[in-house]
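# Observations on the model geometry
Each chain, letter by letter, is given below.
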Amino acid sequence: MVERVALLPNGSVNCDVHHPNPTMNELMPFLDDVWRDLIASRGITQLDSIAYPNNAPLTCRPDWRDAVGGLTNTPARLVAEALDRLGAETGILNNLSGVHMLYDTYMAVAVTKALNDWTRSEWLDKHPHLRASIVPPLQGIDAAVTEIDRCAADRRFVQILFPAAAHTPYGHRSYWPVYKAAVKHGLPIGIHAGSAYHHPVTSLGWPSTVIEDYAAQSQIMQTQLASLVSEGVFAEFPSLKVVLIESGISWLPAFLWRFGKFWKGLRFETPWVDRPPAEIIRDHVRLTTQPFDVPDDPQIVSKLLDHLGSDEMLLFSSDYPHWQFDDDAVLPAGFDASFIRKIAIENPVSTYPRLSEKHS
């Protein structure tokens, strides 16, 4: 039996929960015959990447690993550990399969379709308190829109999930059909730490260690924010919300200041950015709370929240089963009860409209 830790008010949402990456054998029932044969003949057994390395300590808390140190999980166990023990009612599943790494567009389309169907069948259908993100095949934007339209018919899909780094910055017009589909279905875009790894994760080339890769993710998030604002995505799609997942938080105030400073001198390049970037970002962008990369000092936490300039930007997450915090310290010191309610209920419901819908 999992011991409950009374942290959250009733009705809370855990906005970043990870179910395991499926093996290819688990995806086989959801693939057409031609892809079953091709994948078997090529000997492809798993699509993992350094974005979710099984053996890295950060990937899973030691007491949440199975008897042989793996990441085996079930819907019942995930709900018990990521929701029930914290007092949360709903969890949003974000799958970190390496499907974005595939160069074969046709295979990417087939595997992402299978991945979404597997999530629906093996996770959403097996527990009523789970919701999930749609994984689109970004290798082909038309196919990505088709997959979003297909999955969005199931209202338990509440978000569209991108890796932090793909092929070009996300403000690029090639992605705009995806944003149009997101707005049509009332779905935010979630940008999760990770990469398609078709390009280096740093501006200087490939790093040598996992920690370099992970630390670089906040730099990637900054690049994506600058692109989304500068290219006019939020001007074109004024109702679109973007959630930065597992991005960290402490970098944002300094980025807002620096971005705004340069915009003042160069805004003739982007006439569609008709107000300070910080205002646009506060209206359209949300961040999950883990990893909360701030010292465990209530005064410092309070100062960071003041610098964000909005109490609507944070969404509660535990990042289960990642090991982002000690013991059960999933919330930092300095969050009072009213603010916890804000980030765990009010902000998620306003960001994910489908969360307010009841499903049997």
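Before reading further, recall that the structure is shown in the block above.
Residues numbered from 1 in each chain as written. Predicted model: local features only at pLDDT ≥ 70, side-chain atom pairs only at ≥ 80, totals over all residues. Heavy atoms only, no water.

## Things to note about the packing of aromatic side chains
Let me state the cut-off plainly: To pair, rings of Phe, Tyr and Trp, with the six-membered ring standing in for Trp, must have centres within 6.5 Å; the planes then decide the type, stacked if under 30 degrees apart, edge-to-face if over 60, and tilted in the middle. Classification of residues uses two cut-offs on accessible area relative to the type maximum, computed with a 1.4 Å probe and protein chains only: under 20% is buried, over 50% is exposed, and between them is partly exposed. Helix and strand assignments follow DSSP, with helices taken as H or I runs no shorter than four residues and strands as E runs no shorter than two, numbered in order from the N terminus. A ring has a charge above it when a Lys NZ or an Arg CZ is no more than 6 Å from the ring centre and no more than 35 degrees off the ring normal.
Scanning the model with the defined rule gives 13 aromatic pairs in all. Taking the centre distance of 5.0 Å and the plane angle of 85 degrees together, the rings of Tyr170 and Tyr175 count as edge-to-face. In this structure, Tyr170 and Tyr175 share a single accessibility class: buried. When the ring of Trp176 is compared with that of Phe237, the centres are 5.8 Å apart and the planes differ by 80 degrees; the resulting orientation is edge-to-face. Within this pair, whereas Trp176 is found in helix 6 (residues 176-185), its partner Phe237 is found in the loop between helix 8 (233-236) and strand 6 (242-245), the two being separated by 61 residues in sequence. By relative accessible area, which is 9% here, Trp176 ends up buried. Feature note: the residues Phe162, Tyr170, Tyr175, Trp176, Tyr179 and Phe237 constitute an aromatic cluster, connected by ring pairs. In this structure, Arg267 packs its charged tip against the face of Trp263, placed 4.9 Å from the ring centre.

## Quick word on the pairing of strand 1 (residues 12-17)
Basically, it comes down to this: Pairing between two strands is assigned when DSSP locates at least 2 bridges connecting them.
The element strand 1 is extensively covered by neighbouring structure, given that six of its six residues are classed as buried. As judged from the four bridges shared by strand 1 and strand 2 (residues 88-93), these two strands associate in the parallel manner. Each bridged residue has a counterpart across the sheet, and for Asn14 the counterpart in strand 2 is Gly91.

## Points about the pattern of salt bridges
Rules: Just to be clear on terms, a salt bridge is a Lys or Arg side-chain nitrogen sitting within 4 Å of an Asp or Glu carboxyl oxygen.
Counted under the stated rule, the structure contains 18 salt bridges. Glu147 is the salt-bridge partner of Arg150, the closest N and O atoms lying 2.8 Å from each other. Note that Arg150 and Glu147 are positioned in helix 5 (residues 141-152) at a spacing of three residues, about one turn of the helix. Look at Glu147 and you get buried, because its relative accessible area is 6%. For Arg275, the salt bridge identified is with Glu279, shortest N-O distance 3.9 Å.

## Re the pairing of strand 4 (residues 157-165)
Most of strand 4 is tucked away, with nine of its nine residues classed as buried. Bridge analysis of strand 3 (residues 130-134) against strand 4 gives three bridges, and the strand direction is parallel. Residue Ala132 lies in a different strand from strand 4, and its bridge partner there is Phe157. As paired strands, strand 4 and strand 5 (residues 189-195) are joined by five bridges and run parallel to one another. Note that in strand 5 the partner of Ile160 across the bridge is Ile189.

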